[in-house]
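Remarks on the overall topology
Next come the chains, spelled out residue by residue.
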Amino acid sequence: MDFGRILTAMVTPFDQQGQIDFHKTERLIHHLLANGTDGLVVAGTTGESPTLTKEEKLSLLQFVVKTVNGRVPVIAGTGSNNTQASIELTRQAETIGVDGVMLVTPYYNKPSQEGIYQHFATIANETTLPVILYNIPGRTGVNVQPETIIRLSQIDNIVAVKEASSDLDNITKICRETSDDFLLYSGDDNMTLPILSVGGYGVISVSSHIIGNEMKQMVQAYVDGENQQVASLHQQIHPIMKALFMAPSPTPVKAALAFSGMDVGSVRLPMIPLNQEETERLKDELYFVHQNYDAG
């Protein structure tokens, strides 16, 4: 299953009352599809999934599937630290018509590697959808070891992993010891090029909200073997990737979208908006990077 190389982990737009704003969501979808996005990951971490109710997730997924209308794959974030709840949400997402699901490593309770394996395998066994694993130890408190991911890759409908461990040794091992049709996506925007260089396929990105076309150009330059161009592109967009994580995500990217005229509302507690100093710093950094990029 090829979902594309640039997948956007989509923010969830809210109105002034903090409710999902479907008009803003429609505008955002059109913006992303016009600016380099090959697929959408909905109700993931960047979509503030921990603050969304089950009913909100299902309404959002239903709206996105209808709006996208088959133009790109829609992947639902249905993972949690509750295996049975993940199964139920995955089944409902499948009924809605999503093209795949992404399952985050169980968080907080820190299961063993065998527990992680059984969690993912059990959910995958309850759906016909393609499954993307999501390893992000900085948020979950536990790292999925390469051996566990390699073992999981042998399950027919587990087709990819989003790797946000930043461990190139482990990522290299996964790429080397899984089949060619098992895809590895970078889960850290600034690691996209290094991960491509050791066998990765693409990125599930936050920065693509702002620089989707530029990221797509960089990945295509890598695929085409344009080494000098890809290095130059990476160097130019790297600062903007770093700036978009200057505060807990997705607060900076929501602010950056607002700067560009794409209002997606604020964030829900426990996330908080940027303060005035952070807002000015983000504006300055984005302006500086865009000026340099345009000059280049």
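Residues numbered from 1 in each chain as written. Predicted model: local features only at pLDDT ≥ 70, side-chain atom pairs only at ≥ 80, totals over all residues. Heavy atoms only, no water.

What follows is about the UniProt feature "binding site: pyruvate" (unreviewed entry) in the protein. Taken from the UniProt record, the annotation "binding site: pyruvate" (unreviewed entry) applies to Thr46 and Ile204. A compact arrangement is adopted by the annotated residues: their sequence extent is 159 residues, whereas the largest C-alpha distance between any two is 10.6 Å. Tracing the sequence through the fold places Thr46 in the loop between strand S2 (39-42) and helix H2 (54-68). The exposure class assigned to Thr46 is buried, which follows from its relative accessible area of 9%. (UniProt positions renumbered as here; feature names shortened; annotations may be inferred. Helix = DSSP H or I, 4+ residues; strand = E, 2+ residues; numbered from the N terminus. Buried < 20%, exposed > 50% of the residue type's maximum accessible area, 1.4 Å probe, protein only.)

Let us now look at helix H7 (residues 168-177). Among all positions of H7, only Asn170, Ile171, Ile174 and Cys175 are buried. Down the axis of H7, the buried set is contained in an arc of 135°. They therefore lie on one face. Away from the buried face of H7 by more than 90 degrees, exposed residues Asp169 and Arg176 are located. In this structure, the buried residues of H7 make contact with helix H6 (146-152), strand S6 (158-163), strand S7 (183-186) and helix H8 (192-197). (Arc of directions from axis to C-beta. Contact = heavy atoms within 4.5 Å.)

What follows concerns the pairing of strand S4 (residues 100-104). Look at any regular strand and the pattern is simple: side chains alternate between the two faces of the sheet. The element S4 is extensively covered by neighbouring structure, given that five of its five residues are classed as buried. Residues Gly100, Met102 and Val104 of S4 are buried on one face, and the alternating residues Val101 and Leu103, pointing to the opposite face, are buried as well. As paired elements, strand S3 (residues 74-77) and S4 share three bridges and run parallel to each other. When the sheet's bridge partners are listed, Ala76 is paired in S4 with Val101. Crossover S3 to S4 through helix H3 (residues 83-96) is right-handed. Here four bridges tie S4 to strand S5 (residues 131-135), and the two strands are oriented parallel to one another. For Val104, the partnering residue across the bridge sits in S5 and is Tyr134. Chirality of the crossover, the property in question, places the unit of S4, helix H4 (residues 113-125) and S5 among those that are right-handed. (Pairing = 2+ DSSP bridges. Right-handed = clockwise from strand over helix to strand, strands pointing away.)

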